Amino acid sequence: RKEVEQDPGPFNVPEGATVAFNCTYSNSASQSFFWYRQDCRKEPKLLMSVYSSGNEDGRFTAQLNRASQYISLLIRDSKLSDSATYLCVVFSGGYNKLIFGAGTRLAVHP
Amino acid sequence: EPEVTQTPSHQVTQMGQEVILRCVPISNHLYFYWYRQILGQKVEFLVSFYNNEISEKSEIFDDQFSVERPDGSNFTLKIRSTKLEDSAMYFCASSFSTDGYTFGSGTRLTVV
C-alpha cells in the first residue's frame, strides 16, 4: 500500500463550484498532516495544516479522520486561480521528513 | 518574507559528470532537506540534515549523492556521476521545527 494515496484527477470544474479531494495514509503513527499546492514546475507551497478538529481558512476546509487514516480538502466557490495540483502530505516523524502523495490536479474553467 | 534560494534554476549536464546543486536556507532554520520530483511524478524525500550531519536518508540517496554545509550558510547536494534517471527538479527546503517548512523554487537538472 502506498504511504500516501490520492485520486490523481484531473477534476475539471466550473468557477464557483465546490470540489472535494480525499487522501488516505498508511502509517497510523503519523503525527502531522498538510495540504500543499503545487503549480506547474514550481515548488510545493503550504496551503494549510490539517487537524483532527477540522480547520477552515477562507474557502478551504480540511478534515482529518485518524481512525480511518483519511484526510480531506474542500474548496468552495472555486476560482480560476485555484487551478493547480493539490498535494496531500504527511509528516513522518523522526527528523521532520514529509511524505507526499502524487497529487490531485484541479482545473477550474470559466 | 524570508526565502530559500536555489541556484542554478536549470542545469544541463552530460551523463557521468558531477553536479553540485546549491541552496541557501533561511538563516535561523535548523533542519535542511533535499527532495526531488521526476517529471510527472510525486515529490520524493532524499535526505535531511541537522546539526551538521545527515539525520535521515532515503533509499534513493545512494553513494552517488552527498550533502554538505560548507560555510554555515550554503547547503549543497552533489551527484558524483550523473545518470539519465537523475533528471528531475531538485527542491531544497529548510525548517526551524516540525512546522514551517519552506521550499526553494528548485533546480531543474537535465542529464543528457
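Structural data are supplied above this passage.
An account of the accompanying structure is given in this report. (Residues numbered from 1 in each chain as written. Chains lettered and ligands numbered in written order. Predicted model: local features only at pLDDT ≥ 70, side-chain atom pairs only at ≥ 80, totals over all residues. Heavy atoms only, no water.)

### Examining the side chain of A:Ser78
Residue and element names in this part refer to chain A. For Ser 78, the position within the fold is in the loop between β8 (70–75) and β9 (84–91). Residue classification places Ser 78 among the buried positions, given a relative accessible area of 1%. At a separation of 2.7 Å, a polar atom in the side chain of Ser 78 contacts the main-chain carbonyl oxygen of Ala 17. Residue contacts for Ser 78: discarding those within four places in its chain leaves Val 13, Pro 14, Glu 15, Gly 16, Ala 17, Val 19, Arg 59 and Val 108. (Helix = DSSP H or I, 4+ residues; strand = E, 2+ residues; numbered from the N terminus. Buried < 20%, exposed > 50% of the residue type's maximum accessible area, 1.4 Å probe, protein only. Polar contact = N/O pair within 3.5 Å; in protein donor to acceptor, adjacent residues only side chain to side chain. Contact = heavy atoms within 4.5 Å.)

### Observations regarding the environment of B:Ile20
All names here are of chain B. Summarising the element assignment, Ile 20 is placed in strand β3 (residues 19–24). Placed 19 residues apart in sequence, Ile 20 and Leu 39 show a C-alpha to C-alpha distance of 20 Å. Residues within four places of Ile 20 in sequence aside, it is in contact with Gln 11, Thr 76, Leu 77 and Lys 78.

### With respect to the sheet that holds strand β7 (residues 65–68) of chain B
Residue and element names in this part refer to chain B. Strands sit in the order β1-β3-β8-β7 across an open sheet of four strands; the sheet is antiparallel. The sheet is open, and its two edges are formed by β1 (5–7) and β7, each paired on a single side. For this sheet, the mean inter-axis angle between neighbouring strands, taken without regard to orientation, is 20°. Sheet analysis places β1 next to β3, joined by three bridges and oriented antiparallel. Bridge pairing in β3 links Thr 7 to Arg 22. (Pairing = 2+ DSSP bridges. Axes fitted to C-alpha atoms, helices over the stretch in contact; angles between N-to-C directions.)

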